[in-house]
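# An overview of the molecular structure
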Amino acid sequence: MKKINIVLFGTGNVGSKLVDQLLEARESLRQKEGVELNLPVIANSTRAYFQKENQQPSWEADLNTLGVSYKLEDILEYVKKQGYENLIAVDATASEEFVDKYFHLIEAGFHIVAANKVANTRSSKFYGSLRQKLQEHNRFFFYETNVGAGLPIVETLRNFHRSNERVTRVRGVFSGSLSYIFNTYCEEDKAFSEILAEAGEKGFTEPDPRVDLSGKDVARKLLILGRELGLEKEFEEITIQDLVPAHLNGESSLKNFQEKKEELNPFFLNLKQNLEQDEVIRHVGELDVTRGTLEVKLVKEKKASAFGALKHADSSFEIYAESYGERPLVIQGAGAGAAVTARGVVSDILQLAEKL
Ligand SMILES: NC(=O)c1ccc[n+]([C@@H]2O[C@H](COP(=O)([O-])OP(=O)(O)OC[C@H]3O[C@@H](n4cnc5c(N)ncnc54)[C@H](O)[C@@H]3O)[C@@H](O)[C@H]2O)c1
Ligand SMILES: N[C@@H](CCO)C(=O)O
């Protein structure tokens, strides 16, 4: 039996669904694949729960009641003392700072699986040094859910690139939350702020929805794909249409933004009122590999077009590549949501486990 030991950081929408899915899949993986998935430590931003038994039927309660405040070193010491091998750290946080800890984790023998996009969208220098550290310690880094949640986008582009297929352009509705927001807003007679709140309640938005609305989340996804294709770009080079008014942006608190989100309504109502009958608003990202440009913007689309016809929180990625000519390869489906994202993380964990 191959034993895999997963230390989870982040128990929000994605992290908590991930624990449920791992515990559910445990027995069948043991029987069918000879893989035993253990979760020796589950941590959020303030507490860590150090597992005593193999089963964790009430992990949420245990984290709350038996969880202790911790430092990363406590976890590293614990796994070392227990003699755990095949260690995978799962980053299900949205933390800008946590990614600095990847280096310590790698040195301590961890492989990394990340839903968090930050590590792949810092400077090229950081991107390169992380990969160098992984190589030095012979560790793996999987992050399929960074783009398109559970959809196989990163893998598809990486395989194209490796096989010398020339990808010229990727155009898409990259954001599941903004897809939900604009699909619903253009169909229903509700205030923009109300739909924004719904998208948050459904677990589609980032913990701070301004990361979506500002275009930053889609810009990150474009950069991640661009880098997979060998483009050496920095985040600052991306052209981004920011939908958050300056007085509510990241400089002010999230609470302030939530309290004043109705102030967004006139701008979006004006956009909606200026649509033709057969048009809708869509939020798109465009990566032009040939020209080396990355752009995030709102566009008007015909209702009958591919992007115009999207529903719910679906994303759609059109990948233009030499062998495919004028007709792109299209990957479409749920672009956000805890269940699909957690499933993508499980899939990354299993692919990584196969290599161990
Ligand atoms: N929600 C989606 O559909 C989706 C899809 C793909 C990727 N993601 C990514 O998954 C990540 C998690 O999203 P979410 O919706 O679950 O967020 P969330 O806010 O619901 O959960 C974040 C969790 O991270 C924990 N955390 C924060 N800083 C931490 C730290 N330094 N150490 C340990 N834990 C820390 C918080 O306590 C919380 O438990 C984000 O990076 C997001 O971009 C989300
Ligand atoms: N907030 C992100 C989650 C998936 O990365 C989105 O809406 O697409």
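From a predicted model like this one, the values you see are computed outputs, not experimental measurements. (Residues numbered from 1 in each chain as written. Chains lettered and ligands numbered in written order. Predicted model: local features only at pLDDT ≥ 70, side-chain atom pairs only at ≥ 80, totals over all residues. Heavy atoms only, no water.)

## As for the site of ligand 1
Around ligand 1 sit 23 residues in total, of which Thr 11, Val 14, Thr 93, Glu 206 and Gly 337 are the nearest. At a separation of 3.2 Å, an oxygen atom of ligand 1 approaches a polar backbone atom of Gly 12. Backbone polar atom of Asn 44 to a nitrogen atom of ligand 1: 3.5 Å apart, as the coordinates give it. Surface burial for ligand 1 is 84%, taken as the share of its 840 Å² of free accessible area covered by protein chains. Classifying every residue of the shell around ligand 1 gives eight nonpolar, 13 polar and two charged. (Near = heavy atom within 4 Å. Polar contact = N/O pair within 3.5 Å; in protein donor to acceptor, adjacent residues only side chain to side chain. Areas by Shrake-Rupley, 256 points an atom, 1.4 Å probe, with all protein chains shown as cover. Nonpolar A, V, L, I, M, F, W, Y, C, P; charged D, E, K, R; others polar.)

## A word on the pattern of salt bridges
Within the structure shown, the criterion is met by 23 salt bridges. Among the ionic pairs, Lys 133 bridges to Glu 107, the shortest N-O distance being 2.7 Å. Note that Lys 133 is positioned in helix 5 (residues 124–136) and Glu 107 in helix 4 (residues 102–107), a separation of 26 residues in sequence. What makes Lys 133 buried here is its relative accessible area of 15%. The partner of Glu 237 in a salt bridge is Lys 233, with the nearest N and O atoms 3.5 Å apart. Exposure remark for Glu 237: the relative accessible area of 43% places this residue in the partly exposed category. (Salt bridge = Lys/Arg side-chain N within 4 Å of Asp/Glu carboxyl O. Helix = DSSP H or I, 4+ residues; strand = E, 2+ residues; numbered from the N terminus. Buried < 20%, exposed > 50% of the residue type's maximum accessible area, 1.4 Å probe, protein only.)

## Things to note about the side chain of Arg 210
The residue Arg 210 is located in helix 9 (residues 210–213) in this model. Polar side-chain contacts of Arg 210 include one of 2.9 Å to the backbone oxygen of Leu 248. Contact partners of Arg 210, with chain neighbours within four places excluded, come to Val 244, Leu 248, Asn 249, Gly 250, Ser 252, Ser 253, Leu 254 and Phe 257. (Contact = heavy atoms within 4.5 Å.)

## A word on the site of ligand 2
Taken together, 13 residues sit near ligand 2, with Gly 176, Ser 177, Glu 206, Asp 212 and Lys 221 positioned nearest. Between Ser 177 and ligand 2, the recorded distance is 2.6 Å, taken from a side-chain N or O atom to an oxygen atom. Contact with the protein chains removes 92% of the 260 Å² of surface that ligand 2 exposes when unbound. Contributing elements (two or more residues each) for the shell around ligand 2: helix 7 (176–187) and helix 10 (216–228).

## A short note on the sheet that holds strand 12 (residues 314–321)
Spatially, 9-11-10-8-12-13 is the arrangement adopted by the six strands of the open sheet, whose pairing is mixed. Each having just a single partner strand, strand 9 (239–240) and strand 13 (329–334) make up the two edges of the open sheet. Across six bridges, the pairing between strand 12 and strand 13 is antiparallel. The residue bridging Ile 319 from the neighbouring strand is Leu 329, located in strand 13. Contacts from helix 10 reach strand 8 (167–173), strand 9, strand 10 (279–288) and strand 11 (293–302), with the element oriented near 35° to strand 10. (Pairing = 2+ DSSP bridges. Axes fitted to C-alpha atoms, helices over the stretch in contact; angles between N-to-C directions.)

## Quick look at the packing of aromatic side chains
Counted according to the given criterion, the structure contains 15 aromatic pairs. Both rings, one in Phe 103 and one in Phe 126, keep their centres 5.5 Å apart while their planes meet at 80°; by these two values the pair is edge-to-face. Separated by 23 residues along the polypeptide, Phe 103 in helix 4 and Phe 126 in helix 5 bring together distant segments of the chain. One aromatic cluster is present, built from ring pairs that chain together Phe 9, Phe 98, Tyr 102, Phe 141 and Tyr 143. If you follow Arg 122 out to its NZ or CZ, it ends over the ring of Phe 126, 4.7 Å from the centre. In this structure, Arg 169 is placed above the aromatic ring of Tyr 320, and the distance from its NZ or CZ to the ring centre is 4.5 Å. (Phe/Tyr/Trp six-rings, centres within 6.5 Å; stacked < 30°, edge-to-face > 60°. Lys NZ or Arg CZ within 6 Å of the ring centre and 35° of its normal.)

## Section: helix 10
The terminal C-alpha atoms of helix 10 lie 18 Å apart, and with 13 residues this matches the ideal 18 Å at 1.5 Å per residue to within 8%. Along helix 10, twelve of the 13 residues are buried, which leaves the element largely enclosed by surrounding structure. Looking only at helix 10, the buried set comprises Asp 217, Val 218, Ala 219, Arg 220, Lys 221, Leu 222, Leu 223, Ile 224, Leu 225, Gly 226, Arg 227 and Glu 228. Looking one or two residues beyond helix 10, the residue adopting positive phi is Gly 230, at roughly 90°. (Expected span 1.5 Å × (residues − 1).)

## Details of the confidence of the model for the chain
Summary statistics for the chain give a mean pLDDT of 96 and a share of 99% for residues scoring 70 or more. Interface predicted TM-score (ipTM) for the complex: 0.99; the corresponding pTM is 0.97. (pLDDT = per-residue confidence, 0-100.)

## Structural notes on the sheet that holds strand 3 (residues 47–50)
The strand order across the open sheet formed by seven strands is 4-3-2-1-5-6-7, and the pairing between neighbours is mixed. Taken across any chain shown, the strands that pair with only one partner, and hence form the sheet edges, are strand 4 (68–69) and strand 7 (141–142). With two bridges joining them, strand 6 (residues 111–114) and strand 7 adopt parallel strand pairing. What sits directly across from Ile 112, in strand 7, is Phe 141. Each of strand 1 (2–9), strand 2 (35–43) and strand 5 (87–91) touches helix 1 (residues 13–33); the most contacted strand, strand 2, lies at about 160° to it.

## Some points on the side chain of Asp 91
Inspection of the secondary structure assignment puts Asp 91 in strand 5. No salt bridge forms around the buried Asp 91; measuring N to O, its nearest opposite-charge neighbour Arg 122 is 9.5 Å away. Apart from residues no more than four positions distant in its own chain, Asp 91 is found in contact with Phe 9, Phe 98, Val 99, Tyr 102, Val 113, Ala 114, Ala 115 and Asn 116. (Lys, Arg positive; Asp, Glu negative; His and termini not counted.)

## Quick look at the environment of Thr 93
Its location among the elements puts Thr 93 in the loop between strand 5 and helix 4. Sequence separation between Thr 93 and Ser 45 is 48 residues; the distance between their C-alpha atoms is 8.4 Å. In terms of polar contacts, Thr 93 uses its side chain to reach the side chain of Asp 91, at 2.7 Å. For Thr 93, the side chain forms a polar contact with the main-chain nitrogen of Ser 95, separated by 3.0 Å.

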